[in-house]
Amino acid sequence: MSLPPGGANGNEDTAGNGVAGSGAAANGAVAGSGAGNAAATGNTVATGNKAATRNTAATGSGAAAGGGSSFQAMWRELLPVGRNQDSGGYRRYAWTGADADCRAWFRAQAEARGLAYEVDRNGNQWAWLGDPLAGDAVVAGSHLDSVPDGGAFDGPLGVVSSFAALDELRRREVEFTRPLAISNFGDEEGARFGLACVGSRLAAGQLTVEAAHRLRDGDGITLPQAMEAAGHDPDAIGPDPERLARIGAFVELHVEQGRALDLTGDPVGIASAIWPHGRWRFDFRGEANHAGTTRLADRRDPMLTYAETVLAARREAELAGALATFGKISVEPNGVNAIPSLVRGWLDSRAADQEALDAVVTGIERAAREHAERAGIDLDVVRESFTPVVEFEHALRDELGKILAGRDGGDSRDGGGADRPVPVLGTGAGHDAGILSASVPTAMLFVRNPTGISHSPAEHAGEDDCVAGVIALADVLEGLACS
Ligand SMILES: [Zn+2]
């Protein structure tokens, strides 16, 4: 990928200009409207408070506080949005009302800080300090949508921390030498349409428009219909290489989805790689019949074959030191007194390398086919999505390591100080950063999660660790984007 010359936004007082209408016109990639908030989406780029867009000044209400205190205020504001009263978990699915509320929150945060707000052609949100067209931008962000009954941290921690890090940098009165943006990538979890990272995949050209237009949710609503209902033009979606070419570095802060940092005693770590991972759909077809009158010997019950397959998945994963999970199932006719005609199960599998992942999935499919044949069950296996191993760019990763290790004071709870190396961890979870890494130098920071629990209402990070994450992100952004 070729990038515009570095340091393109060299002067400190340019942000009041190009980010507005003129920038959008030249850009051409800014399409549609801000989803969800119909009243606020008439234009493509909203400039917010121009008086507040000077790069160095701490202006605008949102910028008054340093990173820590502004983090808590934002966190409290976002906390009730899309939360289910019964489960305590979040149901922030793409292009729904809860998603619209999250997106309205993002826009409000951008505008409170005088950042130039825009929605790109794929529905991803951006808040700019400096000229978005100048190139070599430093971008921090994550996502605001959730899995079914997800936790509060997966996604929002990265977005809230990005705004709080900017507040911290303004408090420090640093001078920006590169444009800075905060992003919220749409539909990261894939909870509604079954494909993760739709916003970043589309932008990076890793999902075709045709395939995206075919995506359907559980109610049969297509992605274009859902986008349209939320005020976004589905015909605008597609690859956005010009936009990605203007990004010099993307940093995603994320709650850790494991316990590695808890074991090392560090509040913050750096990602090394994302394991290859994918989703496979297994359709087991048998024969529906009466649960009370059909002799066991006469049944063609796909639930049994499915159950054998789940057990095989566990065995294969253990053998390979990998992960395999059937976490979603649909049954037809789904009656208590009916033998199923169809059991459809979704396999999620991840491993440290491609070879191990192939071995696991092949082993599971082989076992499923053997059991299916014996029981007279028809089996179809379809790979629905796949993401190869992602090695985050070594130069950027090393730079983050240097920035964080060289800080004064340190902020580990066990008293880690200057020159303490920051742990570097691999992860089995997919992220927008992983998708974007094919087009943009990309890095990730993880914040300690004491239980390791994620994708659950019990997902948690301590407040001190969240603030440590904000400060680490601010340090990183300062190191990358400031003189
Ligand atoms: Zn996430």
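Residues numbered from 1 in each chain as written. Predicted model: local features only at pLDDT ≥ 70, side-chain atom pairs only at ≥ 80, totals over all residues.

Provide a residue-level description of the overall build of the protein chain, including the pertinent values.
Helix and strand counts for the protein chain come out as 14 helices and 16 strands. The buried share among the 483 residues of the protein chain stands at 53%. Here the contacts in the protein chain between residues at least 6 apart in sequence split such that 78% fall between residues at least 24 apart. (Helix = DSSP H or I, 4+ residues; strand = E, 2+ residues; numbered from the N terminus. Buried ≥ 20, exposed ≤ 12 C-beta atoms within 10 Å, placed from the backbone. Contact = placed C-beta atoms within 7 Å.)

An account of unusual backbone geometry is needed here, citing residue identities and associated values.
Cis peptide bonds are those with omega within 30 degrees of zero, and the linkage from Glu332 to Pro333 qualifies with 0 degrees. Here Pro333 lies in the loop between strand 10 (323-332) and strand 11 (338-339). The phi angle at Trp95 is positive, at roughly 65 degrees, despite the residue not being glycine. In this structure, Trp95 sits in the loop between helix 2 (67-78) and helix 3 (97-112). The class for Trp95 is buried, based on 28 C-beta atoms found within 10 Å. Here the phi dihedral of His455 falls at roughly 55 degrees; this positive angle occurs in a residue that is not glycine.

An account of the nonpolar core is requested, with residue identities and associated values reported.
Leu473 and Leu477 are the most contacted members of the largest nonpolar core, which has 117 residues in total. The leading source of residues in this core is helix 14 (residues 463-481), at 12 residues. Each of domain 1 (21-275 + 389-481) and domain 2 (277-387) accounts for three or more of the residues forming this core. Discounting chain neighbours no more than four positions away, the residues touching Leu473 are Ala140, Ser161, Ser162, Ala165, Val251, Leu253 and Leu445. (Core = buried A, V, L, I, M, F, W, Y, C linked by C-beta atoms within 7 Å. Domains from an automatic or database assignment.)

So what about the confidence of the model for the protein chain? Which residues, and what values?
Residues at a pLDDT of 70 or more form 83% of the protein chain, whose mean pLDDT is 86. Every residue in residues 1-64 scores below 50 in pLDDT, and together they form 166 contacts with partners more than four places removed in sequence or on other chains. The low-confidence segment residues 409-417, where pLDDT is below 50, has 17 contacts with residues more than four positions distant or belonging to other chains. (pLDDT = per-residue confidence, 0-100.)

For the packing of helix 4 (residues 156-172) against helix 14, give the residues involved together with the corresponding values.
Interaxial distance between helix 4 and helix 14 falls to 8 Å at its minimum, and their mutual angle equals 60 degrees. Our classification of the angle between helix 4 and helix 14 gives oblique. The interaxial crossing formed by helix 4 with helix 14 has right-handed handedness. Along the contact surface, helix 4 presents Leu157, Ser161, Ser162, Ala164, Ala165, Glu168 and Leu169, while helix 14 presents Cys466, Gly469, Val470, Ile471, Leu473, Ala474, Leu477 and Glu478. (Axes fitted to C-alpha atoms, helices over the stretch in contact; angles between N-to-C directions. Parallel < 35°, antiparallel > 145°, perpendicular 65-115°, else oblique. Left-handed = near helix turned anticlockwise from the far one by under 90°.)

Outline the sheet that holds strand 10, listing residues and values.
One open sheet accounts for 4 strands, arranged 10-12-8-13; its pairing is antiparallel. The open sheet terminates on both sides in strands that have one partner only, identified here as strand 10 and strand 13 (378-387). Pairwise comparison of adjacent strand axes, ignoring direction, gives a mean angle of 15 degrees for this sheet. Relative to strand 13, strand 8 (residues 277-285) is paired through 9 bridges, and the arrangement is antiparallel. Bridge pairing links Trp280 to Arg383 in strand 13. Most of the contacts of helix 10 (residues 302-320) go to strand 10, to which it runs at about 170 degrees, and overall it touches strand 8, strand 10 and strand 12 (342-350). Most of the contacts of helix 11 (residues 354-375) go to strand 12, to which it runs at about 160 degrees, and overall it touches strand 8, strand 10, strand 12 and strand 13. (Pairing = 2+ DSSP bridges.)

Can you tell me about the pairing of strand 2 (residues 116-119), naming the residues and giving the values?
Here strand 2 shows a buried face lined by Ala116 and Glu118 and a second buried face lined by Tyr117 and Val119. One ladder, built from 4 bridges, connects strand 2 with strand 3 (residues 125-129); its direction is antiparallel. Looking at strand 3, one finds that Ala116 is bridged to Trp128. The turn linking strand 2 back onto strand 3 is made up of 5 residues, and Gly123 within it adopts a positive phi angle of 85 degrees.

Report on the packing of helix 12 (residues 394-405) against helix 14, specifying residues and quantitative values.
Each pair of packed helices can be summarised by the angle the axes make with each other and by the distance between the axes. Between helix 12 and helix 14, the least distance of the axes is 9 Å, while the angle of their chain directions is 115 degrees. As for the relative orientation of helix 12 and helix 14, their crossing is right-handed in sense. Of helix 14, the residues touching helix 12 (which contributes Leu400, Ile403 and Leu404) are Ala472, Asp475, Val476 and Gly479.

Can you explain helix 3? Please cite residues and give values.
Over its 16 residues, helix 3 runs 22 Å from end to end, which matches the ideal 22 Å to within 8%, given 1.5 Å per residue. Those residues of helix 3 not exposed but buried are Ala98, Asp99, Ala100, Cys102, Arg103, Trp105, Phe106, Arg107, Gln109, Ala110 and Glu111. Phi turns positive, to about 70 degrees, at Gly114, one or two residues after helix 3. (Expected span 1.5 Å × (residues − 1).)

So, the environment of Ala372: which residues are in play, and what are the values?
Note on placement: Ala372 falls in helix 11. If we ignore the near neighbours within four places in the chain, the residues touching Ala372 are Phe284, Thr305, Ile377 and Leu379.

Residue-level account of helix 11, with values.
Taking 1.5 Å as the rise per residue, helix 11 with 22 residues should run 32 Å; its terminal C-alpha atoms sit 32 Å apart, in good agreement. Listing the buried residues of helix 11 in full gives Leu357, Val360, Val361, Ile364, Ala368, His371 and Ala372. Buried residues of helix 11, viewed axially, fall in a sector of 105 degrees; they line one side. The outward face of helix 11, more than 90 degrees from its buried face, is lined by the exposed residues Glu355, Thr362, Arg366, Glu373 and Arg374. (Arc of directions from axis to C-beta.)

Before we move on, could you go through the pairing of strand 7 (residues 268-274) and cite the residues and values that matter?
Buried residues dominate strand 7, accounting for 5 of its 7 residues. Taken together, the 3 bridges between strand 7 and strand 16 (residues 442-447) define a ladder with antiparallel strand orientation. Residue pairing for strand 16: Ile270 is matched across the bridge by Leu445. Looking at chain direction, strand 7 and strand 15 (residues 424-427) are connected through 4 bridges and run parallel. For Ala273, the partnering residue across the bridge sits in strand 15 and is Gly426.

Pulling in residues and values, what's your account of the environment of Asn289?
Among the structural elements, Asn289 can be located in strand 9 (residues 289-290). In this structure, Asn289 is in contact with Thr294, Arg299 and Ile339, ignoring residues within four places of it in sequence.

So, the environment of Arg92: which residues are in play, and what are the values?
Secondary-structure assignment places Arg92 in the loop between helix 2 and helix 3. Along the backbone, Arg92 and Pro148 are 56 residues apart, and their C-alpha atoms lie at a distance of 7.8 Å. When sequence neighbours within four positions are dropped, the list of residues in contact with Arg92 reads Gly82, Ala98, Asp99, Cys102, Leu144, Asp145 and Ser146.

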